[in-house]
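Breakdown of the fold
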Amino acid sequence: MKLRFKLTYIGIALLTISLMNSCNHDDWFDRDSKTLITDAQLWNDPKLLTSLVANYYDRMPTLHGVFNTGGMTELDDAMWSGHRDQNWRNDYQFGDDYGRYWDYGLIRDLNLSLENIDQFSTQLSDGQRKQFKAEIRFIRAFVYFELVKRMGGVPIVTTQLIYDFSGDPTPLQVARAKEHEVYDFIYKELEEIKDDLDAYKDSRTRANRYTVLALESRAMLYAGSIAKYNNLMASPITTAGGEVGIPANMATGYYTKSLAASKEIMSGPFALYSDNPDKGANFYDMLNKKTGKEVIFAKDFAVSLKVHRFAYDNIVKSLTEDNESSSTISPSLSLVESFEYLDGSKGTLHDKNAAGSYIAYQNINDIFANKDARLYGTVIYPGTSFKGRDVSIQAGVATWENGAYRFTSSPELGKNYATGGLWTGFDGPLYDAQDVSNTGFYIRKFVSDAPAASTRGTSAANWWPWFRLGEIYLNASEAAFELGQTGDATTYVNKLRERAGFAANSVNTLTMDIIRNERRVELAFEDHRFYDLKRWRIAHLVWDGSENDPNAVVYGLYAYRVVRPEHADNGKYIYERVRPARFRRARFFRMANYYSSISQDVINKNPKIVRNPFQ
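Numbering of residues starts from 1 in each chain and follows the order in which that chain's sequence is written. The model is predicted, so local features are restricted to residues of pLDDT at least 70 and side-chain atom pairs to those at 80 or more, both for listing and for counting; the totals for chains, interfaces and linings are taken over all residues. No hydrogens and no water enter the side-chain calculation; it runs on all heavy atoms of the structure.

1. A word on the packing of helix α7 (residues 179-193) against helix α8 (residues 209-229)
Packed helices, taken two at a time, are described by their axes: the angle between them and the distance between them. Formally: Lines fitted to the C-alpha atoms define the axes, with helices restricted to the stretch that makes contact. Angles between their N-to-C directions range from 0 to 180 degrees. Only runs of H or I of at least four residues qualify as helices and only runs of E of at least two qualify as strands under DSSP, and these elements are numbered from the N terminus. Any angle between 65 and 115 degrees counts as roughly perpendicular, while under 35 counts as roughly parallel, over 145 as roughly antiparallel, and the rest as oblique. Note: crossing handedness is left-handed where the near helix turns anticlockwise from the far helix by less than a right angle, and right-handed where it turns clockwise. The criterion used for residue contact is that any of the two residues' heavy atoms lie within 4.5 Å. Residues were grouped as follows: Ala, Val, Leu, Ile, Met, Phe, Trp, Tyr, Cys and Pro as nonpolar; Asp, Glu, Lys and Arg as charged; and all remaining residues, including Gly, as polar.
One way to put it is that α7 packs onto α8 with a least axis distance of 10 Å and a crossing angle of 160 degrees. The orientation of α7 with respect to α8, classified from their angle, is roughly antiparallel. Both α7 and α8 take part in a crossing whose hand is left-handed. Residues E179, Y183, I186, Y187, L190, E191 and I193 of α7 pack against V212, L215, E216, A219, M220, Y222, A223 and I226 of α8. When the residues that make up the contact of α7 with α8 are grouped by side-chain class, the tally is 12 nonpolar, no polar and three charged.

Below, the structure is given as structure tokens:
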């Protein structure tokens, strides 16, 4: 039996070997793995390469963007009104490391991919190879822009740094480039790749020529601003080696490059969205994917099979579709008052007359009448609606007692007052509560109105605009203004204002203050304000830490229904400016915050790294 078994086993083995040897085209032992992807497979398969590049797109950095609810509540445009475990956002100062970014792991991955495409992609066409390399180089340029605008000059690394095990790490230690050298590198990279991206010329989610130009427009504007405004400071922020600070004589060149890129985009296939005759609703619709002809480049969550919880975090209190959802972002009165009146007057809301007496309004939203329509598209304020339902924003009632108004709020939202009528609205505001507005305002911009968007199970899939035409018009206006081309600069600003409901040519004499305010209202919550104030070198003046400064402190405006029988104001609404109790400390931006500190770990690994000023 044992011998028979052995003979049978040997026979099967010989038969197997014979069958293996009879295969003419495949070596049985060299079959492709079902769990591993080889270099030859990855770098020659357009689908696999697309998946890899998608990962890089997904890792593109941001500070307060891509639906970063918490980050949006750390400046002067809003405060945190969500769960109390994050109320520290209302009680902090910018640390030296605020905004720090040093992701050379991503830089290495991008460099590795570029080298591997050159080495292994033998089966791709020249066009495919150029396309993938150009996309990766665009992402790398984007990353370097995020690095330089936060950290100043950084090491420019474009190849793999491979340790040779010699015991000498110095070849891997790259010194910081000058700040202007990083901007010059970004521009050079973008210029070299912009003609290699025609394959996705109609895409809004993959890099193309216009995406490249949009990054040029923004980055070169930043460089020009630093070259100009840093050198106008009493004590310019610099380092001896130029790692921080750009020579003033370079400003004109950068502004010129920014304007040229902006002009090419403005003559391209994009258009300012203006299809909705309701100017306020139009501004909200502008970012809708279905009406996205203004968007140049976006992170589209539906395409990447992801969702986000921005609506879940910020839906109006009474409109929540999920018991656990919250109302986290409370826009500030400072932001609301940045939106001018359509007659061109300043946007200060008229809550009191010249004598200091309250102004009574017939309707709760009358105080916002004739405002820049972008306010409606950005902020939900009393007397407006969302998703076709009226919001219920009323802080309480005002009763006349002993010659003055006494303000009272209900301990429970949505309750009626003793004499009838609403006491405090279902949507507050309440100045010391969570998950309800603390300022009297909710955010509308970016909050999806799709069904179930504010639920955990469904969430939202609206896109995040990395670049849109509205910003490009503002970039062009600012660059043209800085170059002395005031006529063109004024035209660009007026085109945006006309979309917002202003009369044609509403601005006659353009100033830098007007341009700055236009950026605040047009681009609110789009991750621009922090960097704008930094590049203009006015952040320390705006966020000065003063407890009496309406920009450093977040204030709100509370609407109260007047309960004053037999008086003409009975049933009307008056408004009280308040500092919500949850907002604890004024925003304080220090000189050290113009450039984020470099971590000690980075310096320990690379002694060639020069510290940033004030570090």
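2. Let's talk about the nonpolar core
Quick note on the threshold: For the purposes of this section, nonpolar cores are sets of buried Ala, Val, Leu, Ile, Met, Phe, Trp, Tyr and Cys residues that join through side-chain atoms within 4.5 Å. Buried residues are those whose accessible area, probed at 1.4 Å on protein chains only, stays under 20% of the maximum for their type, while exposed residues exceed 50% and partly exposed ones sit between those limits.
Among the nonpolar cores identified, the biggest contains 160 residues, and F138, Y144 and Y183 are the most heavily contacted of them. Leaving out residues up to four positions away in the same chain, F138 has contacts with M60, L190, I193, A207, T211, V212, L215 and F297. With eight residues, the next largest nonpolar core counts A398, Y405, V562 and I574 among its residues.

3. Quick notes on the sheet that holds strand β12 (residues 573-578)
Rule in force here: Strands were regarded as paired on the criterion that DSSP finds at least two bridges between them.
Across the sheet, four strands lie side by side as β8-β7-β11-β12; this open sheet has mixed pairing. The open sheet has two edge strands, β8 (404-408) and β12, and neither has a second partner. Along the sheet, successive strands turn relative to each other by an average axial angle of 40 degrees, direction set aside. The pairing of strand β7 (residues 396-401) with β8 spans five bridges and is antiparallel. The partner of A398 across the bridge, within β8, is F407.

4. Section: the pairing of β7
In this structure, β7 lies alongside strand β11 (residues 556-563), joined through four bridges in parallel fashion. In the sheet register, T399 faces β11, and the bridge partner there is V563.

5. Quick word on the environment of L75
Tracing the backbone shows L75 in the loop between α4 (69-72) and β1 (78-80). Separated by 144 residues in sequence, L75 and A219 place their C-alpha atoms 22 Å apart.

6. Here's the deal with the layout of surface pockets
Going by this rule: Of the grid points, spaced at 1 Å and generated over the protein atoms alone, those admitting a 1.4 Å probe that cannot get out make up cavities, while open sets with protein on both sides within 12 Å along at least five of seven lines make up pockets; any residue with an atom within 4 Å of a point is treated as lining. Grid points are joined across faces, edges and corners, and a volume is the space filled by probe spheres set on the points.
Its boundaries defined by the atoms lining it, the largest pocket holds a volume of some 590 Å³. Contributing elements (two or more residues each) for the lining of the largest pocket: α16 (512-522) and α17 (529-535). If one sorts the elements of the lining of the largest pocket by residue count, α16 sits on top with five residues. Class assignment for the residues of the lining of the largest pocket results in six nonpolar, eight polar and seven charged.

7. Focus: the packing of aromatic side chains
Filter applied, for reference: Any two rings among Phe, Tyr and Trp, with Trp reduced to its six-membered ring, count as a pair given centres within 6.5 Å; such a pair is stacked if its planes are under 30 degrees apart, edge-to-face if over 60, and tilted if neither.
Evaluation of the coordinates by the stated rule reveals 43 aromatic pairs. A ring pair is formed by F145 and Y183, whose centres lie 6.4 Å apart and whose planes are at 65 degrees; its orientation type is edge-to-face. Of this pair, F145 sits in helix α6 (residues 126-151) while Y183 sits in helix α7, and the two are 38 residues apart along the sequence. Each member of the pair, F145 as well as Y183, is classed as buried.

8. So, the packing of α8 against helix α9 (residues 251-266)
It is the contact of α8 with α9, at a shortest axis distance of 7 Å, that shows an interaxial angle of 155 degrees. Classified by the angle their axes make, α8 and α9 are roughly antiparallel. Between α8 and α9 lies a crossing of left-handed hand. Looking at side-chain class alone, the contact of α8 with α9 contains 13 nonpolar, five polar and five charged residues.

9. With respect to empty space enclosed by the protein
Taken as a whole and assessed by the stated rule, the structure comprises three cavities of 30 Å³ or more. Considered as a void within the structure, the largest cavity measures approximately 180 Å³ in volume. The wall of the largest cavity is formed by 19 residues, among which L75, D77, F525, H528 and R529 lie closest to the centre. Going through the elements one at a time, α4, α16 and α17 are the ones with two or more residues in the lining of the largest cavity. Computed from the structure, the second largest cavity encloses a volume of approximately 100 Å³. As for the second largest cavity, its lining consists of T62, F142, E146, K149, R218, W464, P465, W466, E526, D527 and H528. Mapped onto the lining of the second largest cavity, the elements with two or more residues apiece are α6 and β10 (464-468). Of the residues that constitute the lining of the second largest cavity, the class distribution is four nonpolar, two polar and five charged.

What is shown is where atoms sit, not what they do.
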